[in-house]
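The primary structure of each chain is shown beneath.
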Amino acid sequence: LVLISLSSFSQDIKNKIGNGYEDKEKYISVNFFSIAEPQFAFGPSFGNRFTERSEYFIELSYVTKTPFYDWKDFERLRGARIIAQYRYHFLQQWRPLINFGAANRRRRERHQPFMGIEFRVKPISFITSGNFINTASNDTLVNYSFSANAFTYGGALIFGKTFSISADEKWKLELTMGIGAKQRDVKLKTVPAGYKVLSVERI
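Residues numbered from 1 in each chain as written. Predicted model: local features only at pLDDT ≥ 70, side-chain atom pairs only at ≥ 80, totals over all residues. Heavy atoms only, no water.

A. Representation of the overall build of the protein chain in the model. Assigned secondary structure in the protein chain consists of two helices and 10 strands. Going residue by residue from the N terminus, the α and β elements of the protein chain occur as β-α-β-β-β-β-β-α-β-β-β-β. Each of the 203 residues in the protein chain was classed as buried or not, and the buried ones make up 35%. In the protein chain, the share of contacts with a sequence separation of at least 24, taken over all contacts with a separation of at least 6, comes to 64%. Only carbon and sulfur atoms are counted for the fraction: they give 60% of the accessible area of the protein chain, which is about 12,800 Å². (Helix = DSSP H or I, 4+ residues; strand = E, 2+ residues; numbered from the N terminus. Buried < 20%, exposed > 50% of the residue type's maximum accessible area, 1.4 Å probe, protein only. Contact = heavy atoms within 4.5 Å. Areas by Shrake-Rupley, 256 points an atom, 1.4 Å probe, with all protein chains shown as cover.)

And the structure:
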């Protein structure tokens, strides 16, 4: 969400290409709005725009329960989330024959739209309860507490735009949206042998 340019701290005079963008830019970022997600994932991110159009982005976050949702069904939830992205920037290089609206064009140059592909993995462990049945003995365990591991992986196509919010371009704001798919595999750890899930409540 908020990006801090490392290159702008290390040099007073920036090496810029003809359209006004930095040839290379490294930054760190933090997504403060992740506290509103059902599973709170918070951690640092790092990005490197290594050419005028290409950039990679990596996030490593710690996952736990958020205080804003009712998680009574879970006694413990912890894990990690790793996100890797490749981004392609669309450079706004057009120049009109008549130089009207130069100020508006300079403001547009501070906006950097991009599209990209994303891959993410999220291994977590949790303790919850459920109902199980042993088909051989017809025995049932009701509200049985157990621990489990879950591994989620997926990919997405993303679109976004970066806005410079300070005149020296040290501070930036980024907005992204996308569409993708994910798969989650769950492994039960402390369920007795021979018992299977009787009913699973969708979470």
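From this point, the discussion proceeds with the structure in view.
B. View of the environment of Ala136. Tracing the backbone through its elements, the reader meets Ala136 in the loop between strand 7 (111-134) and strand 8 (139-164). Between the C-alpha atoms of Ala136 and Gly194, which are 58 residues apart in sequence, the distance is 7.8 Å.

C. Region of the structure containing unusual backbone geometry. The backbone of Asn138 sits at a positive phi, close to 60°, despite the residue not being glycine. In this structure, Asn138 sits in the loop between strand 7 and strand 8. One non-glycine residue, Asn143, adopts positive backbone phi at about 55°. The topology assignment puts Asn143 in strand 8.

D. Local environment of the pattern of salt bridges. Evaluated as defined, the whole model comprises six salt bridges. The closest approach of N and O atoms between Arg81 and Glu59, which form a salt bridge, is 2.8 Å. With Arg81 in strand 6 (residues 76-89) and Glu59 in strand 5 (residues 54-65), the pair connects residues that are 22 residues apart, well separated along the chain. Looking at Glu59, the relative accessible area reads 6%, which means it is buried. Across the pair Glu174 and Arg87 runs a salt bridge whose closest N-O atoms are separated by 2.8 Å. Of this pair, Glu174 sits in strand 9 (residues 171-188) while Arg87 sits in strand 6, and the two are 87 residues apart along the sequence. (Salt bridge = Lys/Arg side-chain N within 4 Å of Asp/Glu carboxyl O.)

E. The nonpolar core, seen in detail. Among the nonpolar cores identified, the biggest contains 14 residues, and Ile124, Phe126, Phe132, Phe146, Val191 and Tyr195 are the most heavily contacted of them. Residue assignment for this core shows that the elements contributing at least two residues are strand 7 and strand 8. Among residues more than four places away in sequence, those in contact with Ile124 are Gln39, Val63, Leu77, Arg78, Gly79, Ala80, Ala148, Asn149 and Ala150. (Core = buried A, V, L, I, M, F, W, Y, C linked by side-chain atoms within 4.5 Å.)

F. Spotlight on the confidence of the model for the protein chain. Across the protein chain, pLDDT averages 80, with 76% of residues at or above 70. Averaged over each element, pLDDT in the protein chain is lowest for helix 1 (residues 6-10) (48) and highest for strand 6 (94). Low pLDDT (under 50) marks residues 7-22, which in the prediction has 32 contacts with non-local residues, meaning those over four places away or in another chain. (pLDDT = per-residue confidence, 0-100.)

G. Highlighting the pairing of strand 2 (residues 25-30). Only one face of strand 2 is covered, namely the one carrying Glu25, Tyr27 and Ser29; the face carrying Lys26, Ile28 and Val30 has none of its residues buried. Pairing analysis gives six bridges linking strand 2 to strand 4 (residues 44-49), with the strands arranged antiparallel. Looking at strand 4, one finds that Tyr27 is bridged to Gly47. (Pairing = 2+ DSSP bridges.)

H. Highlighting the packing of aromatic side chains. Using the criterion set out here, one finds eight aromatic pairs in the structure. Considering the side-chain rings of Phe132 and Phe146, the 5.3 Å spacing of their centres and the 85° angle between planes classify their relative orientation as edge-to-face. In this pair, Phe132 is assigned in strand 7 and Phe146 in strand 8, connecting sequence segments 14 residues apart. Neither residue differs from the other here; Phe132 and Phe146 are each classed as buried. By the ring-pair criterion, three or more aromatic residues cluster together here, those being Phe32, Phe40 and Phe42. (Phe/Tyr/Trp six-rings, centres within 6.5 Å; stacked < 30°, edge-to-face > 60°.)

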